[in-house]
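Each chain, written out:
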Amino acid sequence: MENQKIQSVPLLDLKAQLSDLREDIVQAVTEVIDSTQYIMGPKVLALESVIADYTGVSHAIGVSSGTDALLLSLMALDIQPGDLVITTDFSFFATAGVIARLNARPVFVDIDPVTFNLDPEHLEHVLKTMSEEEQKKVKAIIAVHLYGQCADMSSIISIAERYHLPVIEDAAQAIGAEYMMKGEKKRAGTLGTIGCFSFFPSKNLGGVGDAGMIVTNDEQLADQLRLRRIHGAKSEYWHEVIGGNFRIDPIQAVVLAVKLPHLDSWHQARQQNAEHYTALFEKKGLGQIIPPQPVYKAQGLSNYHIYNQYMIRAPQRDELQKFLTQHQIAARVYYPIPFHRLECFQSLGYPADAFPASEQASQEVLALPIYPELTDAMQEYVVEKIAEFYRNN
Ligand SMILES: *Cc1c(COP(=O)(O)O)cnc(C)c1O
């Protein structure tokens, strides 16, 4: 039988993706090396231009990582020590870490249990119940499109507008994800004030090292971002504001330019794998597994969810993960500890039970392999092993 041949299922198989593109990538990297232009230059501009086209914005600014994209965005918005920045309680650390690094204070909001994204109702509640003095200190909202599906941006932006707050989108996991905004199809990163992407190798569009990108339609902000990307120097050694070294490498830029034309087909392969998993859970009667909910699918979008992660909720999650690992199936927990319970955020003074939906997600979520090259037989093997676990537990 097919399935008996499967020995292991990795979380990601970058070698499989590389095999078709290797020649083009090596040639593009060789060109950069031979050109001796190792900082900025035409290759960076070329990537910025194709990413701006792909996402549908006027300005794209290549940066050193997704984390630096977020940090630089906050700096461009002139976030000062003591300012408050509101964000989700449940994301990758960078989302909250960048706020604290500027000596601003993160204010956490619970998640919508269906999408795992920032809950607009709770956002409204947090803003409403603040003292007037605190409210004045709030300078921005960071919304995350977790796992590859956009947050409820219509609601978030309408609240943000009422409080005159800019919205940064942490779209590190969601490049290309689509969203209907006031009847218009738009892409992640272009819904708010500033959008941040990561090209970390395990994202849907990954480089051969660290890299990121910021997109915006605001020309003044774009100028600030470009300025602060190179230490805030308007001309050589003339520093108007404080920035950093946040540049993207041309080597990363050319690799990403080779990969970008394939991105939508990779998204589609991930979507097909997601549907296959969901069908297999049904077939096996695994009603205790809650598959991810692609809530915008009915709106006729093609990239309704780009499945950077295929995140199930599973009872006895830790035991299941251990069992799968024993059978060489890589399944990971993103993220096991909500922000408000992290050691480094204890000084914020949140009680342990402050964010019940985030808390519950951290105990139930499990990412199954979903990468484009994953085969049907591998998926069947994964689901068979999950079924075996629940038969015996
Ligand atoms: C990956 C990721 C980041 C950080 O990106 P890096 O390129 O690794 O710095 C930030 N936020 C989220 C939600 C991410 O998944």
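All of these numbers come straight from a predicted model, not from anything done at the bench.

With respect to the packing of helix α10 (residues 263-283) against helix α13 (residues 376-392)
Piece 1. Here α10 crosses α13 at 35°, and the two axes come no closer than 10 Å. As α10 packs across α13, the resulting crossing turns out to be right-handed. Counted together, Asn-273, His-276, Tyr-277, Leu-280 and Phe-281 of α10 and Asp-376, Gln-379, Glu-380, Val-382, Val-383 and Ile-386 of α13 form the full contact between these two elements.
Piece 2. Of the residues in the contact of α10 with α13, the class split is six nonpolar, three polar and two charged.

Observations regarding the pairing of strand β6 (residues 178-181)
Piece 1. Two elements, β6 and strand β7 (residues 184-187), share four bridges in a ladder whose sense is antiparallel. Bridge assignment links Met-181 to a residue of β7, and that residue is Glu-184.
Piece 2. Counting the residues between successive antiparallel strands, the hairpin from β6 to β7 contains two residues, one of them, Lys-182, with a positive phi of roughly 50°.

Here's the deal with the environment of His-327
Piece 1. Mapped onto the elements, His-327 comes out in the loop between α11 (317-326) and α12 (356-364).
Piece 2. Along the sequence, His-327 and Ser-8 sit 319 residues apart, while their C-alpha atoms lie 7.0 Å from each other.
Piece 3. Those residues in contact with His-327 that sit more than four places away from it in its chain are Gln-7, Tyr-381, Lys-385 and Glu-388.

With respect to the site of the ligand
Piece 1. Around the ligand lies a shell of 14 residues, among which Thr-67, Asp-170, Gln-173, Ser-198 and Lys-203 are the nearest.
Piece 2. Here an oxygen atom of the ligand and a backbone polar atom of Gly-66 are 2.8 Å apart.
Piece 3. Ser-198 is positioned such that a nitrogen or oxygen atom in its side chain is 2.6 Å from an oxygen atom of the ligand.
Piece 4. Protein burial of the ligand: of its 380 Å² of free accessible surface, 93% is covered by the chains.
Piece 5. Elements with a contribution of two residues or more to the shell around the ligand: α3 (66-76) and α4 (94-101).
Piece 6. Looking at the shell around the ligand residue by residue, the class counts come to five nonpolar, seven polar and two charged.

Quick notes on the domain arrangement of the protein
Piece 1. Under the domain assignment used here, the protein contains domain 1 (3-17 + 262-391) and domain 2 (21-261).
Piece 2. Listed per partner, the contact involves 42 residues of domain 1 and 50 residues of domain 2.
Piece 3. Of the roughly 3,900 Å² buried where domain 1 meets domain 2, counting both sides, 60% is carbon and sulfur surface.
Piece 4. Scanning the region where domain 1 abuts domain 2 turns up one salt bridge.
Piece 5. One salt bridge in this structure joins Asp-264 and Arg-187, with 3.5 Å as the shortest N-O distance.

As for α10
Piece 1. With 21 residues, α10 ought to run about 30 Å at 1.5 Å a step, and its terminal C-alpha atoms sit 30 Å apart, in line with that.
Piece 2. Among all positions of α10, only Leu-263, Trp-266, His-267, Ala-269, Arg-270, Gln-271, Asn-273, Ala-274, His-276, Tyr-277, Leu-280 and Phe-281 are buried.
Piece 3. Positive phi shows up at Gly-285, right after α10, with a value of about 65°.

Some details on the packing of aromatic side chains
Piece 1. Evaluation of the coordinates by the stated rule reveals 17 aromatic pairs.
Piece 2. With centroids separated by 5.6 Å and ring planes inclined at 50°, the aromatic side chains of Phe-323 and Phe-389 adopt a geometry described as tilted. Of the two residues, Phe-323 sits in helix α11 while Phe-389 sits in helix α13, which places them 66 residues apart along the sequence.
Piece 3. Judged by its relative accessible area of 15%, Phe-323 is buried.
Piece 4. Judged by relative accessible area, which is 3%, Phe-389 ranks as buried.
Piece 5. Through pairs of rings, three or more aromatic residues link up here, namely Phe-90, Phe-92, Phe-116, Tyr-147, Tyr-334 and Tyr-335.

About the criteria used
- Residues numbered from 1 in each chain as written.
- Predicted model: local features only at pLDDT ≥ 70, side-chain atom pairs only at ≥ 80, totals over all residues.
- Heavy atoms only, no water.
- Axes fitted to C-alpha atoms, helices over the stretch in contact; angles between N-to-C directions.
- Helix = DSSP H or I, 4+ residues; strand = E, 2+ residues; numbered from the N terminus.
- Left-handed = near helix turned anticlockwise from the far one by under 90°.
- Contact = heavy atoms within 4.5 Å.
- Nonpolar A, V, L, I, M, F, W, Y, C, P; charged D, E, K, R; others polar.
- Pairing = 2+ DSSP bridges.
- Near = heavy atom within 4 Å.
- Polar contact = N/O pair within 3.5 Å; in protein donor to acceptor, adjacent residues only side chain to side chain.
- Areas by Shrake-Rupley, 256 points an atom, 1.4 Å probe, with all protein chains shown as cover.
- Domains from an automatic or database assignment.
- Buried area = accessible area lost by both parts, 1.4 Å probe.
- Salt bridge = Lys/Arg side-chain N within 4 Å of Asp/Glu carboxyl O.
- Expected span 1.5 Å × (residues − 1).
- Buried < 20%, exposed > 50% of the residue type's maximum accessible area, 1.4 Å probe, protein only.
- Phe/Tyr/Trp six-rings, centres within 6.5 Å; stacked < 30°, edge-to-face > 60°.

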